[in-house]
Every structure is written in structure tokens, then in C-alpha cells.
Amino acid sequence: MKHTLALAATLSAIATIGSAQSMLETVQERGRLICGSSQGTPGFGAPDDNGYWRGLDIETCRAVAVAVLGDKDAVDFVPLSGQQRIPALQTGEIDVLPRTMTWTLQRDANGINFTTPNYYEFTGFMMPKSLGITEVSGMAGASVCVQTGSTTEVVVNDVSAKNNLDLQPIVFDNTSAARQAFFGGRCDALITDAGALASVRATMSDTPDDYIIFPATDYADALTPAVRAGDDQWMDIVTWSIQALIAGEAFGLTQDNVDEALQSDDPRVRRFVGTDPGNGAALGLSDDFAFRIIKELGNYGEVFDRNVGAGSPLKLERGRNALFTDGGLMFPLAFQ
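Residues numbered from 1 in each chain as written. Predicted model: local features only at pLDDT ≥ 70, side-chain atom pairs only at ≥ 80, totals over all residues. Heavy atoms only, no water.

## Here's the deal with helix α9 (residues 232-250)
Taking 1.5 Å as the rise per residue, α9 with 19 residues should run 27 Å; its terminal C-alpha atoms sit 26 Å apart, in good agreement. Where α9 bends most, the angle comes to about 25°, and this point is Ala244. If you check the start of α9, you find a side-chain oxygen 3.3 Å away from the backbone N of Gln233, and it comes from Asp231. Gly252 occupies a position one or two residues after α9 and carries a positive phi of about 75°. (Helix = DSSP H or I, 4+ residues; strand = E, 2+ residues; numbered from the N terminus. Expected span 1.5 Å × (residues − 1). Bend = angle between axes of the 7 residues up to and from the residue. Polar contact = N/O pair within 3.5 Å; in protein donor to acceptor, adjacent residues only side chain to side chain.)

Spelled out as C-alpha cells, the structure:
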């Protein structure tokens, strides 16, 4: 009898799994993609004066919306703190988390899956130039504003221990509080991703030239959008939507010229834009999903430029975020 009951329970569980909706089906039925966002980091994720969300991470999410729903604006953004972001993904409050999150082993093993990096950056310290400190070795005894739930908590302790600095972390539960405390003079330094520090310096200070940013360590981090574990198709869709931006740049395809690629003789380009079918169908999407992403948003270089690069107030160099052919780390995977 016990074996019969156990078999029945197993078959019931299998039936439940088999009948569960996939994320793709859920999002398409809802007609909206729900993405986690920062609580306001211009250049990466923040609403403009009209309430329209903009930023590199935001456009990453819009690429997924184009691929799945055919509309870059069919997205709802949920502002999340460092502590909130992973639980929100794990519990299904959001579909994708593209919010400046470092790919780490323990996060990867904690019920979420990382997709493909959309930004490479070092962790940095920002300090007033008036303190005369230009590198980590000069920070002995400094107080550091840090957000809880972020990898920077670990970095502060690692840097302090490695260099015998006796750094004094002052921990806040959200990014806004940490930033305000720093500019209010409560801490000597603010720590986070260097790109975010550049954003904060440009937008929260009336005198941005009064602050210096320098690396906290010799290491770079891969900031990588994540999805909830358990749906390989959804992970692949998000991965290849981001990859479409990178591959589009590698192919030399832009928002202005991508229409011409429909007539290309290059087999790789023809597969990319969907003239030769198969790629989209493999993901459960239309074969022209990558073409539509470039048509709606442009390639990764265009997205970078208008949000954080030369065409933005941040004026960040491409650096590690250049294509591998230009000495960077952005490497397009094969669309075939």
C-alpha cells in the first residue's frame, strides 16, 4: 500500500510539473515583462523627468521585452534595494533582475541563474579630493558608507584585512541612504561599482570635480542579469536577448542599417536577422527576434554610448566593455 501511495504521489508531482506554465507562457499571457531595477542610478537605471525609465540595465530588460512581446515598452520596473532584489526574483515578484548585480558563486547557488554579463566594472571608492587620498593604501582608519546586501560589504572587509587599514564600515539598508550619508559628510568614503560612483558623482553633487574615484581592488566584476532557477528556456531567452545586442555590434549592425542586413549574403548575418530560419524557433520565439532588438534599441555600443558613454552625462570610456576585437571583454556567442 505504501508503494502504491508513493507511486501515486510521484505521478501527481510529475503531472504538476508538466502542466506548470513556463515563464515565456506566463509573460506572454500577462502581456508585460516585470524587471527589477535600482532605486535610482542614472545611466544604469532611473526614471527621467517624465517618469520614463532609462539606463543600460533598463535597455537590457527592454531587449527581452522586444524578443518576447515585440514591444520595448511592454515592461514594468520594480525599484529594489540590495537586500530586496534576490528575494524578489526567487519568489517570482519579478521576471528578470538586470540591476547592477555581480555574478558570484554563492548567489549563483542560491536559487537564481545568471545569464550573460552586460557590464564589466571594478569596485571603487569615492572620496573628497580635499582628504588628499588617491589610493587604497592611504585609507587607514577611514569610515566607509556601504549598502547592506551587496558584495561591497565583503570587499570593504577584504580590503581592510589585506592592507591592515582598520576601515570602519557604516552600513545602510539602501543605496539612497548610503549616498546621502556620504555627501552629508558622515563617511570618508563611499564604495560601490565604479560606474555607479560616476553616476552618483555626476548627479548628486553640485561640485563633481571635488571627488575622486579609485579602484578598491585589482579585480573586475561581471555585472550580470539573473533569472529564477528552474526554467532553462527562460534563461536562454534572456541570455540570447542580451547577446543579440553584443553580436549586433560585432556584425556592424546598427539601428539605422539593420534593415539592409535582411538582404545580406553572409550566412551568419542571415541567421542572426532571421532571414535563414531556426534560431528563434529554438528559443520559442520568432526567428527575427534579434533583428527586432537591433531595430528597436540598436546594438550594445549604441546602448552603452547613450546611457553611460560619450553620448551621456557620465562620459565613461568603453574600457573592459568594448568588444573583444577592441581589447575589451564583450564577446559575442554564435547565433547558429
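Now, onward.
## Points about the pattern of salt bridges
Taken as a whole and assessed by the stated rule, the structure comprises 10 salt bridges. Notably, a salt bridge pairs Asp259 with Lys295, separated by 2.6 Å at the nearest N-O pair. In this pair, Asp259 is assigned in the loop between α9 and α10 (267-273) and Lys295 in helix α12 (residues 289-297), connecting sequence segments 36 residues apart. Taking the shortest distance from any N to any O, the salt bridge between Asp288 and Arg292 comes out at 3.1 Å. Residue Asp288 is classed as partly exposed on the basis of its relative accessible area, which comes to 28%. (Salt bridge = Lys/Arg side-chain N within 4 Å of Asp/Glu carboxyl O. Buried < 20%, exposed > 50% of the residue type's maximum accessible area, 1.4 Å probe, protein only.)

## What to know about the confidence of the model for the protein
Close inspection of predicted coordinates is inappropriate in any region flagged by low pLDDT. Of all residues in the protein, 94% have pLDDT values of 70 or greater, and the mean over the chain is 92. The low-confidence segment residues 1-19 (pLDDT under 50) makes zero contacts with residues lying over four places distant or belonging to another chain. (pLDDT = per-residue confidence, 0-100. Contact = heavy atoms within 4.5 Å.)

## As for the packing of aromatic side chains
Evaluation of the coordinates by the stated rule reveals 14 aromatic pairs. Relative to Phe304, the ring of Tyr300 lies with its centre 6.2 Å away and its plane at 45°, an arrangement referred to as tilted. With a gap of four residues between them, Tyr300 and Phe304 both fall in helix α13 (residues 300-307), about one helical turn apart. Here Tyr300 and Phe304 have matching classes, each one buried. Following the ring pairs from residue to residue traces out a cluster consisting of Trp240, Phe251, Phe272, Phe289 and Phe335. In this structure, Arg318 packs its charged tip against the face of Phe304, placed 5.3 Å from the ring centre. (Phe/Tyr/Trp six-rings, centres within 6.5 Å; stacked < 30°, edge-to-face > 60°. Lys NZ or Arg CZ within 6 Å of the ring centre and 35° of its normal.)

## Here's the deal with the nonpolar core
One finds Leu33, Trp234, Phe272 and Ile293 to be the most contacted residues of the largest nonpolar core, which totals 56 residues. Take this core: its biggest share by element is nine residues, from helix α3 (residues 56-69). Those residues in contact with Trp234 that lie beyond four places of it in its chain are Met23, Leu24, Val27, Leu33, Val64, Val68, Asp95, Val96 and Val227. (Core = buried A, V, L, I, M, F, W, Y, C linked by side-chain atoms within 4.5 Å.)

## Brief notes about the side chain of Arg99
Relative to the helices and strands, Arg99 is located in the loop between α4 (82-90) and α5 (105-108). Despite its burial, Arg99 pairs with no opposite charge, the nearest such side chain being Asp193 at 7.3 Å. At 2.8 Å, the side chain of Arg99 and the backbone oxygen of Leu80 are in polar contact. Apart from residues no more than four positions distant in its own chain, Arg99 is found in contact with Gly36, Ser37, Ser38, Asp57, Leu80, Ser81, Gly82, Arg85, Gln147 and Thr175. (Lys, Arg positive; Asp, Glu negative; His and termini not counted.)

## Brief notes about the state of the cysteines
Counted under the stated rule, the structure contains two disulfides. Note that Cys35 is cross-linked by a disulfide to Cys61, the S-S spacing being 1.4 Å. Taking the torsion about the sulfur-sulfur bond, which here is approximately -40°, the covalent link between Cys35 and Cys61 counts as left-handed. One end of the pair, Cys35, is in strand β1 (residues 33-37); the other, Cys61, is in helix α3, with 26 residues separating them in the sequence. Pair check on accessibility: Cys35 and Cys61 agree, each one buried. In this model Cys145 forms its disulfide with Cys187; the gap between the sulfur atoms is 1.8 Å. (Disulfide = S-S within 2.5 Å.)

## Focus on the sheet that holds strand β8 (residues 168-172)
Pairing within the open sheet is mixed, and its five strands lie in the order β8-β7-β9-β6-β10. Strand pairing shows two members of the sheet lacking a second neighbour, β8 and β10 (211-223), which therefore form its edges. Strand-to-strand twist in this sheet, taken as the mean axis angle between neighbours without regard to direction, amounts to 25°. Bridge count for strand β7 (residues 143-147) against strand β9 (residues 189-193) is two bridges, and the pairing is parallel. Bridging from a neighbouring strand, Val144 pairs with Ala189 of β9. (Pairing = 2+ DSSP bridges. Axes fitted to C-alpha atoms, helices over the stretch in contact; angles between N-to-C directions.)

## A closer look at helix α7 (residues 175-183)
Note on helix geometry: an α-helix contains 3.6 residues per turn, so any two residues three or four positions apart are oriented the same way. Where α7 is concerned, the buried positions are Thr175, Ala178, Arg179, Ala181 and Phe182. Projected down its long axis, α7 shows its buried positions confined to an angular sector of 160°, all on one face. You can read the cap of α7 off the contacts: a side-chain oxygen lies 3.2 Å from the backbone nitrogen of Ser176, and it is on Asn174. Downstream of α7 by one or two residues, Gly185 has phi in the positive range, about 85°. (Arc of directions from axis to C-beta.)

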